[in-house]
Amino acid sequence: MAFSTIEYEVNDKIATLTLNRPSVSNGFNIPMCQEILEVLSLVEKDGAVSILKIQANGSIFSVGGDLVEMKRAVDADDISSLVQIAELVNDISFAIKKLPKVVLMVTDGAVAGAAANMAAAADFVISSFKTKFIQAFVGVGLAPDAGGLFLLSRAIGANRASQLAMTGEGLSAEKAQEYGLVYKAVESEKIEKTVTQTIKKLLRGSANSYRAIKEMMWKSQFEEWEAYRTLELRLQKELAFMEDFKEGVLAHSERRRPQFKGF
């Protein structure tokens, strides 16, 4: 099956989804989100797949929302398309967490915005020391999307999650491992070997057990996501139509500090 924004292959029980828009730092646009959701559906239905590995081409895993697309939408007064992306990235995180199979994310570079929150939805994250997780939303007058605060507060604690969201400070791979967001942090040259060893270990386990564990974790920790999702999307829509968001996008494109006015 041919995709335009991602790569997908299945080999020996491992499905690999590779983000493939390196020219825009793997920023999410509508087609990319739709293709990722299509792959997640394929993985769920494919009895030959036990593990989904998510990785990226290029030196940056993903900047999250496509900043070029954000600038176009602001210039064209097409904010509704950005609201659609906010809905789609939440769908992606939701589908990752609900997937009854192991999801392993591999990062070797910056992981920002929605991508950082998708990492919080994965079962295992293996990162190089080049990785930084960045809640970049405050810099453009938005709040975390893709289920970010819902997931991150459960992964690293409410205070740490809100502090990262409010400051936009990068979280190193080492600190993310200490907090419990990252499974293993290693040198870039060791990441492939570490991923291979982890997958080998997981393949020795029972897919039935993994499916049951994920279902029980969902029931115990994540069942309230539907209500949270409604709130997240309502607030994101409100923020996207405010002048602060437009100022944040323009400031980024002009490489200057935004001057937010609070409206």
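A quick note: this is a predicted structure, and the numbers were derived from the prediction, not measured.

Novice: Explain the sheet that holds strand β7 (residues 132-134) here, please?
Specialist: Within a sheet, neighbouring strands are paired by backbone hydrogen bonds and run either parallel or antiparallel to one another. Here three strands make up an open sheet; going across it, the order is β5-β7-β8 and the pairing mixed. Strands at the two margins of the open sheet, each flanked by one partner only, are β5 (111-112) and β8 (170-172).

Novice: I keep staring at the nonpolar core and nothing clicks. Help me out?
Specialist: Across soluble globular proteins, nonpolar side chains show a tendency to be buried alongside one another. Within the largest apolar cluster, 66 residues are counted, with the highest numbers of intra-cluster contacts made by Phe28, Ile36, Leu52, Phe133 and Phe245. Of all the elements, helix α3 (residues 79-98) adds the most residues to this core, at nine residues. When neighbours within four sequence positions are excluded, phenylalanine 133 is seen to be in contact with Thr107, Val111, Ala116, Ala119, Val125, Ser127, Glu169, Gly170, Leu171, Ala176, Leu181 and Val182.

Novice: Even after reading the chapter, I still don't get the pairing of strand β2 (residues 14-19), so can you show me in this structure?
Specialist: In summary, the side chains of a regular strand alternate between the two faces of the sheet. Burial analysis of β2 places six of its six residues in the buried class, the great majority of the element. Neither face of β2 is exposed, since Ile14, Thr16 and Thr18 on one face and Ala15, Leu17 and Leu19 on the opposite face are all buried. Pairing analysis gives six bridges linking strand β1 (residues 6-11) to β2, with the strands arranged antiparallel. In the strand pairing of β2, valine 10 is matched with alanine 15. For β2 and strand β3 (residues 51-56), the ladder comprises six bridges, and the chain directions are parallel. Each residue of the ladder has a partner; that of threonine 18, found in β3, is glutamine 55. For the crossover from β2 across helix α1 (residues 30-45) to β3, the handedness is right-handed.

Novice: Could you clarify how one ought to interpret helix α11 (residues 243-253) in this entry?
Specialist: In an α-helix, one full turn covers 3.6 residues, which means residues spaced three or four apart are oriented alike. Turning to α11, its buried residues number three or more, namely Asp244, Phe245, Glu247, Gly248, Val249 and Ala251. Against α2 (67-75), α3 and α10 (225-240) lie the buried residues of α11.

Novice: Would you explain the sheet that holds strand β4 (residues 102-107) in this entry?
Specialist: Taken in spatial order, the six strands make up an open sheet running β1-β2-β3-β4-β6-β9, and their pairing is mixed. Strands at the two margins of the open sheet, each flanked by one partner only, are β1 and β9 (184-186). Pairs of neighbouring strands in the sheet enclose a mean axial angle of 15°, with direction left out of account.

Novice: Looking at this structure, I do not really get the pattern of salt bridges. What am I missing?
Specialist: A side chain with one charge may pair with a side chain of the opposite charge, provided their charged atoms come close. Evaluation of the coordinates by the stated rule reveals twelve salt bridges. A salt bridge links aspartate 75 to lysine 71; its shortest N-O distance comes to 2.6 Å. Taken together, the residues span about one helical turn, with aspartate 75 and lysine 71 both in helix α2 at a distance of four residues. On the basis of relative accessibility, which here comes to 51%, the residue aspartate 75 falls in the exposed class. Exposure remark for lysine 71: the relative accessible area of 25% places this residue in the partly exposed category. Through salt bridges that share partners, Glu69, Arg72 and Asp78 make up one connected network.

Novice: Looking at this structure, I do not really get the packing of α1 against α3. What am I missing?
Specialist: Packed helices, taken two at a time, are described by the angle between their axes plus the distance between the axes. With their axes 9 Å apart at the nearest point, α1 and α3 run at an angle of 20° to one another. By the angle between their axes, α1 is roughly parallel relative to α3. Considering the relative orientation of α1 and α3, their crossing is left-handed. Side by side, α1 and α3 meet where Ile30, Cys33, Gln34, Ile36, Leu37 and Leu40 of the first sit next to Ser81, Gln84, Ile85, Leu88, Val89, Asp91, Ile92, Ala95 and Ile96 of the second. A class-by-class count of the residues in the contact of α1 with α3 yields eleven nonpolar, three polar and one charged.

Novice: Can you walk me through the pairing of β4 in this structure?
Specialist: Taking burial as the measure, the six residues of β4 include six buried ones, the bulk of the element. Alternating residues of β4 divide into Val102, Leu104 and Val106 and Val103, Met105 and Thr107, and every residue in both groups is buried.

Novice: Would you mind going over α1 with me for this structure?
Specialist: The terminal C-alpha atoms of α1 lie 23 Å apart, and with 16 residues this matches the ideal 22 Å at 1.5 Å per residue to within 8%. For α1, the set of buried residues is Ile30, Met32, Cys33, Glu35, Ile36, Val39, Leu40 and Val43. Tucked into the core, α1 has its buried residues touching β1, β2, β3 and α3.

Cut-offs used in this document
Residues numbered from 1 in each chain as written. Predicted model: local features only at pLDDT ≥ 70, side-chain atom pairs only at ≥ 80, totals over all residues. Heavy atoms only, no water. Pairing = 2+ DSSP bridges. Helix = DSSP H or I, 4+ residues; strand = E, 2+ residues; numbered from the N terminus. Core = buried A, V, L, I, M, F, W, Y, C linked by side-chain atoms within 4.5 Å. Buried < 20%, exposed > 50% of the residue type's maximum accessible area, 1.4 Å probe, protein only. Contact = heavy atoms within 4.5 Å. Right-handed = clockwise from strand over helix to strand, strands pointing away. Axes fitted to C-alpha atoms, helices over the stretch in contact; angles between N-to-C directions. Salt bridge = Lys/Arg side-chain N within 4 Å of Asp/Glu carboxyl O. Parallel < 35°, antiparallel > 145°, perpendicular 65-115°, else oblique. Left-handed = near helix turned anticlockwise from the far one by under 90°. Nonpolar A, V, L, I, M, F, W, Y, C, P; charged D, E, K, R; others polar. Expected span 1.5 Å × (residues − 1).

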